[in-house]
Amino acid sequence: MKRILLLEDDQSFGYILSEYLTMQEFHVVWVKTAEEVLNLLENENFNLALLDIMLPGIDGFELAKVMMKKHDDLPFIFLSAKSLKIDKLKGFKLGAIDYITKPVDEELLVAKINAILSQNKNSESENDSIEIGTYEFKPKLFQLKYQDELIKLTSREAELLFMLCEHKNNLLSRKKALNEIWGLNDEFSRKSMDVFISKLRKYLAKDPSISIDNIHGKGFIFTISH
């Protein structure tokens, strides 16, 4: 369940919006001051924040400045009755993903929230990494890292290494790899695959615990001994 931090000092609107978002299967934490937001962010994680602007004490704009310094990975949307263009531009300049004026169309707000969370999920998946011994492999970025050395892979090298990781300690059949990556199972493709396997062995050679063993006539077994 995605966690949303709602900052709204209006009791009626805050209650209605919190209940509506909860009905849409979000976990909502509703607070009424910027100080409460900052305290929560020290100890809890959220997927998105919805921020009012006109507040007692620290206002939403000032809060956004602090958040961008200390919690810049948290996306936020301004919800405000301040509808002037200058206010909207200021909101975006402070890092807001969106600026929605009140009264809020709850259905449209939920659609925007889902779109933002979906984008963040895709962004996170791009940075997903796989540990290969002492190497770090980011398949969607075509990157293999050993200590401070970054190896930029081709898309086919990354596909093949990812498939080997998926079959770690098990046989990856030559036929499966050729059909799924090369799209062909002819002699040229088989020779090409052998070249790519040799390249991957070279890239991974700095960790002696890693091996890609050829099983004659069958395929390859990718192992990490520790």
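Numbers given for residues are sequential positions, taken from 1 along each chain in its written order. Only residues with pLDDT of at least 70 get local features here, since the model is predicted, and only at 80 or more are side-chain atom pairs given and counted; chain-wide, interface and lining totals rely on the full set of residues. Just so you know, side-chain values use all the structure's heavy atoms and leave hydrogens and water out.

- Where an unreviewed UniProt entry is consulted, the chain appears under the name DNA-binding response OmpR family regulator, with the organism given as Marinifilum flexuosum.

## Details of the domain arrangement of the chain
Then, number 1: All domain edges in this entry derive from an automatic or database-based domain assignment. With domains assigned, the chain is organised as domain 1 (3-119) and domain 2 (156-224).
Then, number 2: For domain 1 versus domain 2, the distance between C-alpha centres works out to 48 Å.

## Considering helix H1 (residues 11-23)
Then, number 1: For helices the rule is a DSSP run of H or I covering at least 4 residues; for strands it is a run of E covering at least 2, with both sets numbered from the N terminus onward. Helices are assigned an expected span. That span is 1.5 Å times one less than the residue count. For H1, spanning 13 residues, the distance from its first C-alpha to its last is 18 Å, which sits close to the expected 18 Å at 1.5 Å a residue.
Then, number 2: Listed in full, the buried residues belonging to H1 are Phe13, Gly14, Leu17, Ser18 and Leu21. Seen end-on, H1 carries its buried residues on one side only, within an arc spanning 125°.
Then, number 3: What qualifies as a polar contact is a pair of N or O atoms within 3.5 Å, subject to a donor-acceptor requirement within protein and to the restriction that residues adjacent in sequence count only when both atoms come from side chains. Between a side-chain oxygen at the N-terminus of H1 and the backbone nitrogen of Ser12 the separation is 3.2 Å; the capping residue is Asp10.
Then, number 4: The first or second residue beyond H1 is Glu25, which carries a positive phi of 75°. For each residue, the accessible area found with a 1.4 Å probe, counting protein chains only, is set against the maximum for its type, and the residue is called buried under 20%, exposed over 50%, and partly exposed in between. As used here, the arc belongs to the directions running from the helix axis to the C-beta atoms.

## Side note on the pattern of salt bridges
Then, number 1: Whenever a carboxyl oxygen of Asp or Glu lies within 4 Å of a side-chain nitrogen of Lys or Arg, that contact is scored as a salt bridge. One pass over the full model with this rule turns up 12 salt bridges.
Then, number 2: Among the salt bridges present, the one from Glu42 reaches Lys70, with a minimum N-O distance of 3.2 Å. You can see Glu42 sitting in helix H2 (residues 34-43) and its partner Lys70 sitting in helix H3 (residues 60-70), a full 28 residues away along the chain.
Then, number 3: Under the relative-accessibility criterion, Glu42 is labelled partly exposed at 47%.
Then, number 4: For Lys70, a relative accessible area of 54% gives the class exposed.
Then, number 5: Between Glu180 and Lys176 there is a salt bridge, with its nearest N and O atoms 2.8 Å apart.

## Some remarks on the nonpolar core
Then, number 1: Only buried residues count toward a nonpolar core, which is a set of Ala, Val, Leu, Ile, Met, Phe, Trp, Tyr and Cys residues joined through side-chain atoms within 4.5 Å. In terms of nonpolar packing, the biggest core is built from 28 residues, with Ile132, Leu160, Leu161, Leu164, Leu204 and Phe222 touching the most fellow members.
Then, number 2: Ranked by residues supplied to this core, first place goes to helix H6 (residues 155-166) with 6 residues.
Then, number 3: The contact criterion used throughout is that any non-hydrogen atoms of two residues lie within 4.5 Å. When neighbours within four sequence positions are excluded, Leu161 is seen to be in contact with Ile132, Phe137, Leu144, Leu153, Leu200 and Leu204.
Then, number 4: Listed in part, the 23 residues of the second largest apolar core include Val31, Val37, Leu41 and Ala96.

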